[in-house]
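# Geometric and topological summary
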Amino acid sequence: MSAHSNADLSELNNFNQFAHTWWDESGEFGALHTINPFRLEFIKTFISLKGTQALDIGCGGGILSESLAKAGAQTTGIDLAEEVLTIAKLHSLESELSINYQCISAESHAKEFAGHYDVVTCMEMLEHVPDPASIIQAAADCVKPGGWVFFSTLNRNYKAYLLGIFAAENIMNLVPKGTHTYDKFIKPAELDQMARQAGLHLVEGAGIDFNPVLNQYGLSDKLDVNYLLAYQKL
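Residues numbered from 1 in each chain as written. Predicted model: local features only at pLDDT ≥ 70, side-chain atom pairs only at ≥ 80, totals over all residues. Heavy atoms only, no water.

### Structural notes on the overall build of the chain
Selection criterion: Strands here are runs of E lasting at least two residues and helices are runs of H or I lasting at least four, both read from the DSSP assignment and numbered beginning at the N terminus. We call two residues contacting when some pair of their heavy atoms lies within 4.5 Å. Each accessible area value is a Shrake-Rupley result obtained with a 1.4 Å probe; residue values ignore everything except the protein chains displayed when judging cover.
Summing up its helical and strand segments, the chain has eight helices and eight strands in all. Contacts in the chain between residues at least 24 apart in sequence constitute 73% of all its contacts with a sequence separation of at least 6. Just so you have it, the chain exposes about 10300 Å², and 52% of that area is on carbon and sulfur atoms.

This is the structure:
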């Protein structure tokens, strides 16, 4: 699959139509704001970001990219959703942060910046592309030997469907309806197989627990719904 074809236009259009609400913490992407501190906490467990070169693949409106920059990383954010990327650029100006945002595929970026980054993140993105293995390979290509790659996505099981789609989209409106497709969810073992084929070594995993009744989140050792995996390139 070519770099340009590894994108679902319906997915990009879905995100673009809500671009203006990306930084509204009580809006359609409020859940991303809520889980972002936990994602950052997980990353900082393994590496101090100060002075690093960081790449955020599928950066969206820049929620994690800005956190990486605030933590001291020289940050590049890439995405193919142009309207969302415009919001990211505007918000970084408001935040007075220097972030290099580019509308480019991960695969194309990897060809130009192979072995360039200390840290590569790809959060809540693999379940939105036709070929996640291609993105994982691009992330592995971008990172330096000894560098770190962090993925997060949704597990494929009944509980993940119940919380990630039925509850989050249809009952609690935590994300826009149609955001997720169950068949695109990825089991941790499947992700790990793709990562190992890309030359990455699994170091640790964690889950993001969600209590829909109390609307509470937190890191845990359960990978049954939203989960994070930390990899190192040896």
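### A few points about the nonpolar core
So the rule is basically this: What makes a nonpolar core is a set of buried Ala, Val, Leu, Ile, Met, Phe, Trp, Tyr and Cys residues whose side-chain atoms join them at distances within 4.5 Å. Exposure categories follow from relative accessible area, calculated using a 1.4 Å probe and restricted to protein chains: below 20% of the type maximum is buried, above 50% is exposed, and the middle band is partly exposed.
Counting residues in hydrophobic clusters, the biggest one holds 32 residues, and the most contacted among them are W22, F42, I43, I47, L49, L68 and F150. Counting only elements with at least two residues in this core, the list comes to α1 (9-17), α2 (30-44), α3 (63-70), β4 (117-123), β5 (143-154), β6 (200-211) and β8 (226-233). With six residues, α2 is the single largest residue contributor to this core. Residues contacting L68, with those up to four places away along its chain left out, are L40, I43, L49, A54, D56, A73, T75 and T121. Counting 29 residues, the second-largest nonpolar core is a separate cluster that includes V129, I135, V143 and Y227.

### Quick word on the packing of aromatic side chains
Put simply, the test is: Note on ring pairs: Phe, Tyr and Trp rings are taken, using the six-membered ring of Trp, and paired if centres are within 6.5 Å. Classes follow the plane angle, with under 30 degrees stacked, over 60 edge-to-face and the rest tilted.
Enumeration over the complete set of coordinates arrives at 10 aromatic pairs. For the ring pair W148 and F150, a centre distance of 6.2 Å and an interplane angle of 15° mean the geometry is stacked. Taken as a pair, W148 and F150 share a single burial class, namely buried. Consider the rings of F151 and Y231, whose centres lie 5.9 Å apart with planes at 70°: the pair is edge-to-face. Residue F151 is located in strand β5, and its partner Y231 is located in strand β8; the two are separated by 80 residues in the primary sequence. For Y231, a relative accessible area of 0% translates into the label buried. Here the aromatic cluster, defined as three or more aromatic residues joined through ring pairs, consists of F42, F46, W148 and F150.

### Topic: the packing of α2 against α3
Put simply, the rule is: Axis lines are fitted to C-alpha atoms, over the contacting stretch for helices. Their N-to-C directions set the angle, which ranges from 0 to 180 degrees. Roughly parallel means an angle under 35 degrees; roughly antiparallel means over 145; roughly perpendicular covers 65 to 115; every other angle is labelled oblique. Put simply, a crossing is left-handed when the front helix is turned counterclockwise from the back one by less than a right angle, and right-handed when it is turned clockwise. Classes in brief: Ala, Val, Leu, Ile, Met, Phe, Trp, Tyr, Cys and Pro nonpolar; Asp, Glu, Lys and Arg charged; the others, Gly included, polar.
The contact between α2 and α3 brings their axes to 10 Å, and the two run at 40°. It follows that α2 is oblique to α3 by the angle criterion. Relative to α3, α2 is oriented so that their crossing is right-handed. Counting all contacts with α2, which are made through L32, H33, N36, R39, L40 and I43, the residues of α3 involved are I63, L64, S67 and L68. By residue class, the composition of the contact of α2 with α3 is six nonpolar, three polar and one charged.

### Let's talk about the side chain of T52
In this structure, T52 sits in the loop between α2 and β1 (53-57). Leaving out residues up to four positions away in the same chain, T52 has contacts with I47, G72, A73, Q74, D118 and V119.

### Examining the side chain of N16
What counts is decided by this rule: Polar contacts, as used here, are pairs of N or O atoms within 3.5 Å; protein pairs need one atom able to donate a hydrogen and one able to accept it. Residues neighboring in sequence count only if both atoms are side-chain atoms.
In this structure, N16 sits in helix α1. From its side chain, N16 meets the backbone nitrogen of V84 in a polar contact 3.3 Å long. Those residues in contact with N16 that lie beyond four places of it in its chain are A81, E82, E83 and V84.

### Notes on the pattern of salt bridges
As a reminder, the rule being used: We define a salt bridge as a side-chain nitrogen of Lys or Arg found within 4 Å of a carboxyl oxygen belonging to Asp or Glu.
Enumeration over the complete set of coordinates arrives at five salt bridges. The closest approach of N and O atoms between E11 and K184, which form a salt bridge, is 3.2 Å. Here the residue E11 occupies a position in helix α1, and K184 occupies one in the loop between α7 (158-171) and α8 (188-197), the gap between them amounting to 173 residues. According to the relative accessible area criterion, E11 is buried, its value standing at 6%. Here R156 makes a salt bridge to E190, at a shortest N to O gap of 2.7 Å. Here R156, found in the loop between β5 and α7, pairs with E190, found in helix α8; they are 34 residues apart in sequence, far enough to count as distant.

### A look at α3
Among the eight residues that make up α3, seven are buried, leaving the element largely enclosed by the rest of the structure. All buried positions along α3 are accounted for by I63, L64, S65, E66, S67, L68 and A69. Looking at the packing, one finds that the buried side of α3 touches α2, β1, β2 (74-79), α4 (82-94), β3 (100-103) and β4.

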